[in-house]
Amino acid sequence: MTLRSGHHGRNSPRAVLVALLIGLVVASSLAALPGCSCTQDAAAKKKAEEEAAKKKKKKEAEKPKENFEPLLVRSLPSNDPTQNNKNPELRIKPGHWTALSGTTRANNFDFVGELETFAHGVQMVPLEIENTSSRLAVWRPASLPKGQTKAFEMLLFVPKRPAQAGRVYSLQSALRGARGGGIAISGDRPGESLDEHQHLIVVLATNPAAYSSLDKLYSVSLPPSIENDAGHRYYHVLTPNAERRVPLPSHPLAWTTVAFLFWDDINPAVLTAEQQQSLLDWLHWGGQIVVSGPGSLDKLKGTYLAPYLPAETAQTVKLEQAAFDELNANFSLPAKSKRVRTIQVIAERPMVGVEFKKHADAIDVEGTGGLVVERRVGGGRIVVTAFPLTDVRIKQWKNFDGFLNSVLLRRPARKFDADMYGSLIFEWDAKDAKGNKPLRTMLREARLGSTLRYFTRDIGFPEGEARPDYAYRTSQPEIEETELARIQRMAQFGGSEPDRTIPDTSGLHPDLDDWHFLGYHASPQSGVASWSDYGAASSAARAALAEAAGIEIPRAEFVLKVLAVYLVVLVPLNWLIFWVLGRVEWAWVAAPIIAIIGAVGVIRLAQLDIGFARSRTEIAVLEAQAGYDRAHLTRYTALYTSLSSEYRLNFADNSAVALPLASPPGIGGPQKIASIMDVQLRQDKETSLAGVQVQSNSTSMVHSEQMYPLGGKLTLVGDAQQGWTVKNTSNITLQDVGILRKTAAGAIETAYLAKLSPQTSAPLAFSPLPEKLAPWLPEWNRSTVFAPDQAAAEEAPSETKGQVRLTGLVKLATDRLRLCPGDVRLVAWTSEPLSGLAIAPQAPQNKTYTLVLAHLARAPLPAVRTDTNVADDFFQPPLEPASDGTEPPPVEAEATTGN
């Protein structure tokens, strides 16, 4: 058969394919021949690279590692460490106890030692605690199994410094060998302190990035201006990853910089038992929790927060436009340009929400159409939204900042404007009964940023009484007493104004029934809820201790009794014994022996009676919340010794913290410690303050605080119609119990119980207090502990000599701490020593008196007021996409339809 040449010749596709296949077969055969080295070279190169990698890895494994990885320290709470783990953030505040987390690893061996932490200045020694001669370092045990990375929670106290020293602190953390051994590894970190009016907002959410826009809201931070390039920041928003663990303090008194906790759908079990307890303590003393619905309520059901929630989930619902009509009517303020500023929900895309089953103590927040409910918990509050706060239609709502400020943060209404440079300014728009605006001077007021309050830390001084901490304000930067007034003044001075010092508003008590004030004050540099040796409560306790502590001269009865016993033993009893034995002459030999023994006994008895060797006098304040079985206990302990002694205070509860009590500024006195001493707060199975030196024939004072288990609760049951009953299921006996309440009409009524024993209850018979009188019970004038000095001396002069007196503290708890309509307050005292504190060496003479303050009922919160206008009418920030990927709406539309 003959093949034809032409279109199907050798260039046909079939021929080309056959040629390619033949070429591949030939190439493969050639590569397999002994003389071809292509594949061998590639294989040899690959093998050499693998061997080199193995040698490098082996060499690195054989290379000796450092004994310890660098110690990485960050504050708690905080965001997650940065990606390179070299510069985790620090959020510290002078006058506050701060929790730190230190992470490291032992590479070559197991290690058992201690972690030491302190704040220091130029020299690597702890800073002195203001107006004392004490330097504090905090110690805790640290065990590192070989090769395991471990994180240790540490405690740090940051002392105040003069304002000219700046805001940057250096923090030293050192890993030492056991029992004060040498330093194994240390880390020194600078940290910039928060201003006194700045606090933290902590977001615990499954998607923390969805809350990144919070930091851009004017409620959190005002934008930069001509006068302030950094702007005015009120809160730092922390959005840590809370999937496995939560970077929150385990110590309840280390939460004082946290103002709000946003809770969104996280698993409550990620908090440890210690964190859960600390969270509840913080909540009852004024912390606020914002719960974003609807998924969060289901996860919180049956948990440690469930008894305090304002509502449960009745059912999941679809929220359509009508559900937001009331919210829009009250909080969607109109724009000058008549642009849309309402929440708009189209029918095709309803918002997933929840229908509430409210708790009996919960209320609907005014103007929200039942979409927001809140409940007071002790001094704090939990608020729940029926809609998710991360829904794009809520986040892009142009009035969300006003809703956040008024409803979620519960702060006063604002009025915005712009200055002559175009910078955004505002003033608080709250009005008193006379129509005045008492908050206009409080633009950077610490009390408006957080509602966390402890009586002994925050109560203000009586009207007209000088504040000993005022001198610490002199060198601080200035702020506006009112922005609108500043603008007018600048116009008068041609665009400039004379130098002004910061207006001191922290001691002002506006005539408002607003839970931010109520007689509380703010400390310079530290704000609210800070450790206070200069506050009104500490000053009253210090004065009472100075009066009661030290030596007591023996009474005449004591001298006569001892003398009578001595003479009886020396003469008739001595003679009688030897007369019975028939050796009367031996009585003369026994006489000098009896005299010596008697002298020793008299000296010993005198020491016991007058505290010649050592004495301990303690005034304490126990603040309790209604229906809560833990109280905040503050002890002011005076230690007297006739010989120089070093004391150690051991606390059974690990929530305890303690420091030497500072003297008033510019005052020495017997409680002033004479020389520099290094004290150590050691946290192990128990907490101890060691190294407290007391000089000969002097008194030193120690200030300590802790959360104290009551063993029960103090509660008020009943109502005005059926009558009131107070129940005491705690283990404390209360004396001179006074109950004060303020009616809805504004009248103050009082009731008195001479005694309220544990596990008992008693009915209350209230009687009105005359309007012109300060809150005080006439029965207290007959009390040796509560009565003023003059009245007590007239009533019982023989019983009051050397008596510990709590009168100053009582006046602060009844008069300075303002009663609002609905408040019910219990004030009493006990002389029972409160367990949990052991002092070595022991003192033969001990006196302990405790003021008991219980908030049996809280007044309703003031009505929510919306802002007067919207900031965007005066200032337009540049639009930026949210970090979670959502896009902002176009400026010309400003609608939040979610399309």
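### A few points about the overall build of the chain
Check the secondary structure of the chain and you find 15 helices and 36 strands. Here the chain, with 899 residues, has 52% of them falling under the buried criterion. In the chain, 74% of the contacts between residues at least 6 apart in sequence involve partners at least 24 apart. Total accessible area on the chain stands at roughly 41100 Å², and carbon and sulfur atoms take up 55% of it.

### A closer look at helix α7 (residues 400–408)
Most of α7 sits out of view: nine of its nine residues are buried. Regarding α7, the residues found buried are Phe400, Asp401, Gly402, Phe403, Leu404, Asn405, Ser406, Val407 and Leu408. Backbone geometry just downstream of α7 places Arg410 in the positive-phi region, at approximately 60 degrees.

### Examining the pairing of strand β19 (residues 414–418)
Pairing geometry for β19 and strand β20 (residues 424–428), over five bridges, is antiparallel. In the strand pairing of β20, Phe416 is matched with Phe426. Hairpin connection of β19 to β20: five residues between the antiparallel strands, including Gly422 at a positive phi of 85 degrees.

### Details of the pattern of salt bridges
If you walk through the whole model with that rule in mind, you get 27 salt bridges. Arg410 serves as the salt-bridge partner of Glu374, at 2.5 Å between the closest nitrogen and oxygen. In this pair, Glu374 sits in strand β17 (residues 372–377) while Arg410 sits in the loop between α7 and β19, placing the two residues 36 residues apart along the sequence. Arg410 shares its class with Glu374; the two are buried.

### Brief notes about helix α3 (residues 273–284)
For α3, built from 12 residues, the straight-helix expectation of 16 Å at 1.5 Å per residue is met to within 8% by its first-to-last C-alpha distance of 17 Å. Within α3, nine of the 12 residues are buried, which leaves the element mostly enclosed by the surrounding structure. Residues of α3 that are buried include every one of Gln275, Gln276, Ser278, Leu279, Leu280, Asp281, Trp282, Leu283 and His284, and no others. Just past α3, the residue Gly286 takes up positive phi, approximately 125 degrees.

### Topic: the environment of Thr814
One can find Thr814 in helix α15 (residues 807–816). Placed 11 residues apart in sequence, Thr814 and Arg825 show a C-alpha to C-alpha distance of 8.4 Å. Those residues in contact with Thr814 that sit more than four places away from it in its chain are Leu740, Pro775, Trp776, Trp780, Arg825 and Val827. In this structure the side chain of Thr814 is engaged in a polar contact, spanning 3.3 Å, whose partner is the backbone oxygen of Pro775.

### Here's the deal with the nonpolar core
In this structure, Phe262, Trp263 and Phe387 are the most contacted members of the largest nonpolar core, which totals 121 residues. Each residue touching Trp263, except ones within four places of it in the same chain, is listed here: Leu204, Pro268, Leu271, Leu279, Ile289, Val290, Val291, Ser292, Ser296, Leu300, Tyr304 and Leu305. With 43 residues, the next largest nonpolar core counts Tyr520, Ala540, Trp829 and Leu853 among its residues.

### Topic: unusual backbone geometry
In the segment running from Leu76 into Pro77, the intervening peptide bond is cis, with an omega of 0 degrees. When you line up the elements, Pro77 lands in the loop between β1 (72–76) and β2 (97–105). The linkage connecting Gly293 with the following residue, Pro294, adopts the cis geometry, with an omega of 0 degrees. Here Pro294 is to be found in the loop between β13 (288–292) and α4 (295–300). Despite not being glycine, Arg410 has its phi angle at roughly 60 degrees, a positive value. Look at Arg410 and you get buried, because its relative accessible area is 6%. Positive phi, normally seen in glycine, also occurs at Gln759, with a value near 60 degrees. Along the chain, Gln759 turns up in the loop between β31 (748–756) and β32 (760–764). The exposure class assigned to Gln759 is exposed, which follows from its relative accessible area of 56%.

### Details of a nonpolar patch on the surface
Together, Leu573, Leu576, Ile577, Trp579, Val580 and Leu581 make up an exposed nonpolar region whose accessible area comes to about 610 Å². Position of Ile577 among the secondary structure elements: in helix α12 (residues 556–581). For Ile577, a relative accessible area of 46% translates into the label partly exposed.

### What about the side chain of Ser645?
Here Ser645 is to be found in strand β23 (residues 645–651). Among the residues examined, Ser645 registers a relative accessible area of 7% and is labelled buried. Polar side-chain contacts of Ser645 include one of 3.0 Å to the backbone oxygen of Leu643. Other than its neighbours up to four places away in sequence, Ser645 contacts Arg614, Val692, Gln693 and Val694.

### Brief notes about the sheet that holds strand β4 (residues 134–144)
Across the sheet, eight strands lie side by side as β7-β6-β3-β4-β25-β26-β23-β35; this open sheet has mixed pairing. Lying at the two open borders of the sheet, with one neighbouring strand each, are β7 (183–192) and β35 (837–840). Averaged over all adjacent pairs, the angle separating strand axes in this sheet is 20 degrees, with direction ignored. As paired elements, β23 and β35 share four bridges and run antiparallel to each other. Within the sheet, the bridge partner assigned to Arg648 lies in β35 and is Ala840.

### Structural notes on the sheet that holds strand β28 (residues 714–719)
The strand order across the open sheet formed by three strands is β28-β29-β32, and the pairing between neighbours is antiparallel. Looking along the sheet, the strands with just one partner apiece sit at the ends: β28 and β32. On average, each strand axis in the sheet is inclined to that of its neighbour by 20 degrees, with strand direction left out of account.

### A word on the packing of helix α11 (residues 536–548) against α15
Packed helix pairs are specified by the crossing angle of their axes together with the interaxial distance, meaning the distance between the axes. Close contact between α11 and α15 brings their axes to 8 Å; oriented N to C, the two are set at 160 degrees. With respect to α15, the element α11 is oriented roughly antiparallel. For the pair α11 and α15, the contacting residues are Ala536, Ala537 and Ala540 in the first and Gly808, Leu809 and Leu812 in the second.

### Section: the pairing of β31
Pairing between strand β30 (residues 734–742) and β31: eight bridges, direction antiparallel. Paired with Leu740 across the strands is Thr750, a residue of β31.

### A word on the confidence of the model for the chain
For the chain, per-residue confidence averages 82 on the pLDDT scale, and residues scoring 70 or more make up 78% of the total. Contacts of residues 667–674 to residues separated by more than four positions or lying in other chains number 20 contacts, the stretch itself having pLDDT below 50.

### Looking at the environment of Leu389
Structurally, Leu389 is set in the loop between β18 (380–385) and α6 (392–395). Residues Leu389 and Ala210 lie 179 residues apart in sequence; the distance between their C-alpha atoms is 9.1 Å. Beyond its immediate chain neighbours, meaning those up to four positions away, Leu389 contacts Tyr211, Phe262, Val290, Ser292, Ile394, Lys395, Phe400 and Leu408.

### Here's the deal with the packing of aromatic side chains
Within this structure, the stated rule accounts for 22 aromatic pairs. Three or more aromatic residues joined by ring pairs form one cluster here, namely Phe324, Phe331, Phe387, Trp397, Phe400 and Phe403. Here Arg457 stacks its cationic end above the ring of Tyr454, 5.2 Å away from the centre of that ring.

### So, the environment of Pro334
Along the chain, the position of Pro334 falls in the loop between α5 (325–331) and β15 (351–358). Relative accessible area serves as the criterion here: at 67%, Pro334 is assigned to the exposed category. Expressed as a C-alpha distance, the spacing of Pro334 and Val870, which sit 536 residues apart in the sequence, is 8.4 Å. Contact partners of Pro334, with chain neighbours within four places excluded, come to Arg341 and Asp873.

### Section: the side chain of Ser78
Mapped onto the secondary structure, Ser78 falls in the loop between β1 and β2. Owing to a relative accessible area of 1%, Ser78 belongs among the buried residues under this scheme. In terms of polar contacts, Ser78 uses its side chain to reach the side chain of Arg74, at 3.2 Å. A polar contact of 3.0 Å, which involves the side chain of Ser78, links it to the backbone oxygen of Ser75.

Rules behind the numbers
- Residues numbered from 1 in each chain as written.
- Predicted model: local features only at pLDDT ≥ 70, side-chain atom pairs only at ≥ 80, totals over all residues.
- Heavy atoms only, no water.
- Helix = DSSP H or I, 4+ residues; strand = E, 2+ residues; numbered from the N terminus.
- Buried < 20%, exposed > 50% of the residue type's maximum accessible area, 1.4 Å probe, protein only.
- Contact = heavy atoms within 4.5 Å.
- Areas by Shrake-Rupley, 256 points an atom, 1.4 Å probe, with all protein chains shown as cover.
- Pairing = 2+ DSSP bridges.
- Salt bridge = Lys/Arg side-chain N within 4 Å of Asp/Glu carboxyl O.
- Expected span 1.5 Å × (residues − 1).
- Polar contact = N/O pair within 3.5 Å; in protein donor to acceptor, adjacent residues only side chain to side chain.
- Core = buried A, V, L, I, M, F, W, Y, C linked by side-chain atoms within 4.5 Å.
- Patch = residues over 30% accessible without salt bridge, like charges linked within 9 Å, V, L, I, M, F, W, Y side chains within 5 Å.
- Axes fitted to C-alpha atoms, helices over the stretch in contact; angles between N-to-C directions.
- Parallel < 35°, antiparallel > 145°, perpendicular 65-115°, else oblique.
- pLDDT = per-residue confidence, 0-100.
- Phe/Tyr/Trp six-rings, centres within 6.5 Å; stacked < 30°, edge-to-face > 60°.
- Lys NZ or Arg CZ within 6 Å of the ring centre and 35° of its normal.

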